[in-house]
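Summary of structural features
Below are the chains, spelled out letter by letter.
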Amino acid sequence: MVLGWALPSHAGVKIKDVIGTWKYVIEVDGQSLTGKLEFEKAEKGLAGEALTDNGEVYVLNDIAIKEDNVLQFTLKVNGLLHKVHVTLVKDKFDGTVSNPEGEAPIKGAKIS
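If you're wondering where the values come from, they're calculated on a predicted model, not measured in any experiment. Every chain is numbered on its own, with residues counted from 1 as its sequence reads. Confidence filtering applies because this is a predicted model: local features only for residues at pLDDT of at least 70, side-chain atom pairs given and counted only at 80 or more, and all residues used for totals across whole chains, interfaces and linings. To obtain the side-chain values, all non-hydrogen atoms of the structure were included, while hydrogens and water were left out.

1. Describing the overall build of the chain
- From N to C terminus, the chain includes 1 helix and 8 strands.
- Helix and strand assignments follow DSSP, with helices taken as H or I runs no shorter than four residues and strands as E runs no shorter than two, numbered in order from the N terminus. Across the chain, helices and strands are ordered from the amino to the carboxyl terminus as α-β-β-β-β-β-β-β-β.
- Each principal axis of the C-alpha distribution contributes one length, and for the chain these read about 65 × 35 × 25 Å.
- A simple rule labels every residue: compare its accessible area, found with a 1.4 Å probe on the protein chains alone, to the largest value its type can have, and call it buried under 20%, exposed over 50%, or partly exposed in between. Each of the 112 residues in the chain was classed as buried or not, and the buried ones make up 31%.
- Here, residues are in contact when the closest pair of their heavy atoms is within 4.5 Å. Looking at the chain alone, contacts between residues at least 24 apart form 29% of all its contacts between residues at least 6 apart.
- Here the chain contributes 13 positive and 16 negative side-chain charges, whose respective centroids are spaced 7 Å apart. Residues scored as charged are limited to Lys and Arg (positive) and Asp and Glu (negative), so that His and the chain ends carry no count. Working definition for charges: the position is that of NZ of Lys, CZ of Arg, CG of Asp or CD of Glu.

Structural data, given as structure tokens:
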């Protein structure tokens, strides 16, 4: 008798799944900070920028796709290093932004 185990297929997030434009909302001190994240294929992995709705542009660094559909990256805002850690589910993400002053929730969705 042969027994087979059916394991769920977890292909995980791929670079092609991240490439594009994502809108985001960060809730900080009762305020909603909004903008877009733009990801593109780079020579090694991904490159990207955060474009705030206030017109500010920040380069995304250390972009990495991790296990369990996690996307991580860093950016410097006003001299502070911000670490972003989100879980992608289809065309949406949910996670946190942290810096030395604290942590805030971030949510987003792919728009193109």
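Structure shown, so let's carry the discussion forward.
2. Description of the packing of aromatic side chains
- A pair of aromatic rings is counted whenever rings of Phe, Tyr or Trp (Trp by its six-membered ring) have centres within 6.5 Å, and the orientation is called stacked for planes under 30 degrees apart, edge-to-face for over 60 and tilted otherwise. Scanning the model with the defined rule gives 2 aromatic pairs in all.
- Judged by centre distance (5.7 Å) and plane angle (50°), the ring pair of Trp-22 and Phe-93 falls under tilted. Here Trp-22 is found in strand S1 (residues 20-28), whereas its partner Phe-93 is found in strand S7 (residues 92-99), with 71 residues between them in sequence.

3. Considering the environment of Lys-76
- With respect to the helices and strands, Lys-76 occurs in strand S5 (residues 70-77).
- Accessibility expressed as a relative area gives 54% for Lys-76, which makes it exposed.
- Along the sequence, Lys-76 and Leu-46 sit 30 residues apart, while their C-alpha atoms lie 17 Å from each other.
- Excluding residues within four positions of it along the chain, Lys-76 makes contact with Tyr-58 and Leu-81.

4. So, the sheet that holds S5
- If you trace the 8 strands once around the closed barrel, you get S1-S2-S3-S4-S5-S6-S7-S8, paired in antiparallel fashion. Between one strand axis and the next, the sheet turns by 30° as a mean value, whatever way the strands run. When DSSP finds two or more bridges between a pair of strands, those strands are recorded as paired. Axis geometry follows a simple rule: fit a line to the C-alpha atoms, using only the stretch in contact for helices, then measure angles between N-to-C directions, giving values from 0 to 180 degrees.

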